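Each chain is listed here by its residues.
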Protein chains: 2
Amino acid sequence: MDPRIEDHAEVLVDWSARVDEGDNVVLSVGPDAHELGVAVAETVGERGANLHVSYSSREVGRAYQLAHGDDFDEDPAHELALYENADVVLSIGGSRNPSEGADVPTEIRKAYSKARQGVREARLDADWVSTVHPTRSLAQQANMSFAEYQAFAYDAILRDWESLADEMANMKDVLDDGSEVRIVKEQTDLTMSIENRVAVNSAASVAYDSHNLPSGEVFTAPHATEGEVYFDVPMTIRGERVQDVHLTFEDGEVVDYSAGQNEAVVGDILDTDEGARRLGELGIGMNRGIDQFTDNILFDEKMGDTVHLAVGRAYESNYPEGHEDEANDSAVHVDMITDVSGDSFIEVDGTVVQRNGTFRWEDGF
Amino acid sequence: MDPRIEDHAEVLVDWSARVDEGDNVVLSVGPDAHELGVAVAETVGERGANLHVSYSSREVGRAYQLAHGDDFDEDPAHELALYENADVVLSIGGSRNPSEGADVPTEIRKAYSKARQGVREARLDADWVSTVHPTRSLAQQANMSFAEYQAFAYDAILRDWESLADEMANMKDVLDDGSEVRIVKEQTDLTMSIENRVAVNSAASVAYDSHNLPSGEVFTAPHATEGEVYFDVPMTIRGERVQDVHLTFEDGEVVDYSAGQNEAVVGDILDTDEGARRLGELGIGMNRGIDQFTDNILFDEKMGDTVHLAVGRAYESNYPEGHEDEANDSAVHVDMITDVSGDSFIEVDGTVVQRNGTFRWEDGF
């Protein structure tokens, strides 16, 4: 077996999910993620935990949902009981074709998702981690050869997470102590309040309340946004390539927008509801193992020396205890990414924290 | 998709498992049985049942067990709860390599099996059915091309089960009404008592208390066996090819044995314990879709115009209510098969029920 697969399994089980002896583990494996499934099963066995393996195939899910129609029973007792009794849930993505569900009507997908809300909550109550096994279809999505994509994915996943978590703690401290963030670059001068917000150090471990491997970002929930911002990293939104987006904010809301490609998609998103015109997230990408865009948000938004902003729904984890209901509410949460490796700076309360892709603690400026 | 796969799924879901709207179904899929998994998911969806899909991979199981060692927790709560809340359990065999578990030490396999006894009982309490997806590795085991093996397997699986169940009911009636069975062919003249026994019509459906697809046999638990029997169908026992077995019975016990190949394996089995020298099963194979030996007991023992006898453990289902504890007890249950399509006859209480591969009701003799 490729030793990188074994290393991936160890990072997932030990750093990310903190699997202990006697834990009840649900491992979810897709059809092309078999090899990582074997490696994770071995590592879970070494830790003395108990294993149930479920099969997550989009082809199976599509066939079932299409045939069933949209009237699903709520939270089937057998699956609910499985997750209610699980301590750890490990999900390995890596499907054969990310578009496999494309011809399932939206109302069926929504009805299925709604009917499984209790199952989903039970899963989220466990120590859950989602990761991705590099597959040929993901390489295709990234416009890369398979070998190149594997190298890319393992660079992102096989970090020294302890050391990255320590570095990200610096950024969390800066944001927790600060009141205002300013981002300046080409066509960009944006200020946001982060007063009364809690930054999350997303270090790819349940110990940091971070549930994706790879991760590597520090994020918070900005408000009172003013100014303009330019997103130069391309992205796929609702199946469409969107590029060169400009947003202009006044009083915390988008008042003007444009895009170099598929501008209408941006307009549709902003028109979803009231919350869709406000920011739900400011994220600082700090995983320098990720150095190129691969059209997969799990990787893209963690890219070192990028910043992403999401319009729409905010995460409750960014609000102080008792204030979770103040989180910006919206049916959407759409991330857009801007490169800050070049001529640019990020200030917190007037002090530069990153300039031209170098952090203050790296350079001492 | 091969329409035979869709037909297989319908037989499994409708005839075998009798899946109803609202049933909680666990579907277990192995890595090479993906296509049948998709077809079964579709059919389960059409019936309006609820689906959880688990992944049964011998590679995953081997990696887990080898790494874990033999000290397993008893009946992990998450997996136990899954099966306790399941109405139907569908298991699709069809692994990549039936020998994948060969290097897991016996004590680990035994410990795992023992620790999961409650899980296994919960699964058996559901309406469970095991079937097999024809794979390349099963074709290899059968010494057949893949296409030939598929044709063979679907001939066995895609029967008119209703009509076969009716025909097998004739045989069950004969055995339930009878007291003594006699089998006569080359080197064979064996008599067995079936007094106070209940024959099972194994028609590949939970409605007949039959849990394998394909099936197609009527079986009972003989005793007081006298005479000699010759098994001319080859078989693999404990990984060894065993052929041309002769057994001689007196007072219900084997008093002499020989084999043309690997005779020592037969001796080992008979020496296991006291019950291993007595018969645990007499089965009449009635599935004429199965017309050749493929080294897979799920198929071999159902072959039309064969009879199989097992030394060792008997099934409680062959005993009248309240008498289940009289079932022959042994750590082994080893089936051996004899061809009755040629010069041979089977009598019940002195009346011929099958002669030269033709049943009484087919010919009226």
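Cut-off values and rules
- Residues numbered from 1 in each chain as written.
- Chains lettered and ligands numbered in written order.
- Predicted model: local features only at pLDDT ≥ 70, side-chain atom pairs only at ≥ 80, totals over all residues.
- Heavy atoms only, no water.
- Helix = DSSP H or I, 4+ residues; strand = E, 2+ residues; numbered from the N terminus.
- Rg over C-alpha atoms; globule rule 2.2 N^0.38 Å.
- Buried < 20%, exposed > 50% of the residue type's maximum accessible area, 1.4 Å probe, protein only.
- Contact = heavy atoms within 4.5 Å.
- Areas by Shrake-Rupley, 256 points an atom, 1.4 Å probe, with all protein chains shown as cover.
- Lys, Arg positive; Asp, Glu negative; His and termini not counted.
- Charge placed at Lys NZ, Arg CZ, Asp CG, Glu CD.
- Core = buried A, V, L, I, M, F, W, Y, C linked by side-chain atoms within 4.5 Å.
- Buried area = accessible area lost by both parts, 1.4 Å probe.
- Polar contact = N/O pair within 3.5 Å; in protein donor to acceptor, adjacent residues only side chain to side chain.
- Pairing = 2+ DSSP bridges.
- Axes fitted to C-alpha atoms, helices over the stretch in contact; angles between N-to-C directions.
- Least-squares fit on C-alpha atoms with pLDDT ≥ 70 in both.
- Salt bridge = Lys/Arg side-chain N within 4 Å of Asp/Glu carboxyl O.
- Parallel < 35°, antiparallel > 145°, perpendicular 65-115°, else oblique.
- Left-handed = near helix turned anticlockwise from the far one by under 90°.
- Nonpolar A, V, L, I, M, F, W, Y, C, P; charged D, E, K, R; others polar.

S.K.: Can you help me understand the overall build of chain A in this one?
M.R.: Along chain A, the regular secondary structure elements total twelve helices and 20 strands. Relative to the 2.2 N^0.38 estimate, which gives 21 Å for 365 residues, the radius of gyration of chain A is 21 Å and therefore close to what a compact globule would have. Burial analysis of chain A (365 residues in total) assigns 55% to the buried set. Residue pairs at least 24 apart in sequence account for 72% of intrachain contacts in chain A once pairs closer than 6 positions are excluded. Surface exposure of chain A reaches about 14,800 Å², of which carbon and sulfur atoms provide 39%. Computing the positive centroid from 27 side-chain charges and the negative centroid from 75, chain A places the two 4 Å apart.

S.K.: Where do I start with the nonpolar core in this structure?
M.R.: In a soluble, globular protein the nonpolar side chains are often hidden away together inside. Counting residues in each nonpolar core, the largest one holds 194 residues, and the members touching the most others are Val40(A), Leu90(A), Leu247(A), Val40(B), Leu90(B) and Leu247(B). Here Val40(A) is in contact with Ala9(A), Leu12(A), Val13(A), Leu27(A), Leu90(A) and Ile92(A), once residues within four sequence places are set aside. Membership of the second largest hydrophobic core comes to 18 residues, among which are Leu82(A), Ala122(A), Ala126(A) and Ala122(B).

S.K.: Could you clarify how one ought to interpret the interface of chain A and chain B in this entry?
M.R.: The accessible area lost on association of the parts is a frequent measure of interface size. Counting from both sides, the interface comprises 40 residues of chain A and, opposite them, 40 residues of chain B. Summing both sides of the interface, chain A and chain B together bury roughly 3,400 Å²; the carbon and sulfur share of this comes to 62%. Together, His34(A), Tyr55(A) and His78(A) form the three largest contributors to the area buried by chain A at its contact with chain B, with a combined 22%. Between chain A and chain B we count 15 residue pairs in polar contact (both at pLDDT 80 or more) in total. At the level of secondary structure, the elements contributing two or more residues to the side of chain A that touches chain B comprise strand S1 (24-29), helix H2 (34-46), strand S2 (50-55), helix H3 (58-68) and helix H4 (77-84) of chain A. Looking at the side of chain A that touches chain B, the element that brings in the most residues is H2(A), giving eight residues.

S.K.: Got a minute to help me understand the sheet that holds strand S19 (residues 351-355) of chain A in this structure?
M.R.: For sheets, the rule is that strands pair by backbone hydrogen bonds, running either parallel or antiparallel. Residues and elements named next belong to chain A. Read from one edge of the open sheet, eight strands run S14-S13-S10-S6-S5-S18-S19-S20, paired in antiparallel fashion. Strands at the two margins of the open sheet, each flanked by one partner only, are strand S14 (253-258) and strand S20 (358-359). Sheet analysis places strand S10 (residues 223-231) next to strand S13 (residues 245-250), joined by five bridges and oriented antiparallel. Each residue of the ladder has a partner; that of Phe231, found in S13, is Val245. Contacts from helix H10 (residues 263-270) reach S13 and S14 within the one sheet, and its direction differs from that of S14 by about 165°.

S.K.: What should I look at first to understand the relation of the copies chain A and chain B in this one?
M.R.: The two chain copies are connected by a rotation around an axis plus a translation along it. Once chain A has been moved 0.0 Å along the axis and rotated by 180°, it coincides with chain B to within an RMSD of 0.1 Å. What the rotation and shift describe, once combined, is the action of a two-fold rotation axis. Taking C-alpha positions as reference, the residue of chain A nearest the rotation axis is Ser54(A), located at 1.9 Å. A share of 100% of interface residues in chain A that are also interface residues in chain B marks the association as one of identical surfaces.

S.K.: Even after reading the chapter, I still don't get the pattern of salt bridges, so can you show me in this structure?
M.R.: Side-chain pairs of opposite charge can arise where the charged atoms are in close proximity. A full pass over the atoms with the stated rule returns 32 salt bridges over all chains. For Arg182(B), the salt bridge goes to Asp189(B), with nearest N and O atoms at 2.9 Å. You can call Asp189(B) partly exposed: its relative accessible area is 33%. Each of Asp14(A), Glu46(A) and Arg47(A) takes part in a single network of salt bridges with overlapping partners.

S.K.: What exactly am I supposed to notice about the pairing of strand S1 (residues 24-29) of chain B here?
M.R.: On a regular strand, one side chain projects to one face of the sheet and the next to the other, so that they alternate. Residues and elements named next belong to chain B. Buried residues dominate S1, accounting for six of its six residues. As defined by bridge partners, S1 adjoins strand S3 (residues 88-93) across five bridges and the pair is classed as parallel. Paired with Val25 across the bridge in S3 is Val88.

S.K.: What should I look at first to understand the packing of helix H1 (residues 3-16) of chain B against helix H2 (residues 34-46) of chain B in this one?
M.R.: The description of two helices packed together rests on the angle between their axes and the distance between the axes. Residue and element names in this part refer to chain B. H2 packs onto H1 with a crossing angle of 50° between their chain directions and a minimal axis gap of 8 Å. In terms of orientation, H1 and H2 fall into the oblique class. H2 is crossed by H1, and the crossing has right-handed handedness. For the pair H1 and H2, the contacting residues are Ile5, Glu6, His8, Ala9, Glu10, Leu12 and Val13 in the first and Glu35, Leu36, Ala39, Val40, Thr43 and Val44 in the second. For the contact of H1 with H2, a count of residues per class yields eight nonpolar, two polar and three charged.

S.K.: Can you walk me through the side chain of Asp305(A) in this structure?
M.R.: All names here are of chain A. Tracing the sequence through the fold places Asp305 in the loop between helix H11 (297-300) and strand S16 (306-312). Exposure remark for Asp305: the relative accessible area of 12% places this residue in the buried category. Setting aside residues up to four positions removed in sequence, Asp305 forms contacts with Gly285, Arg288, Asp339, Val340, Ser341, Gln354, Gly357 and Phe359.

S.K.: I'm lost on unusual backbone geometry in this one. Help?
M.R.: Excluding glycine, residues mostly have negative phi values, and the peptide bonds linking residues are mostly trans. Omega for the peptide link from Leu213(A) to Pro214(A) comes to 5°, which places this bond in the cis form. As for its placement among the helices and strands, Pro214(A) is situated in the loop between strand S8 (212-213) and strand S9 (217-220). Phi is positive for Asn356(B), which is not a glycine, with a value near 50°. Tracing the sequence through the fold places Asn356(B) in the loop between strand S19 (351-355) and strand S20 (358-359).

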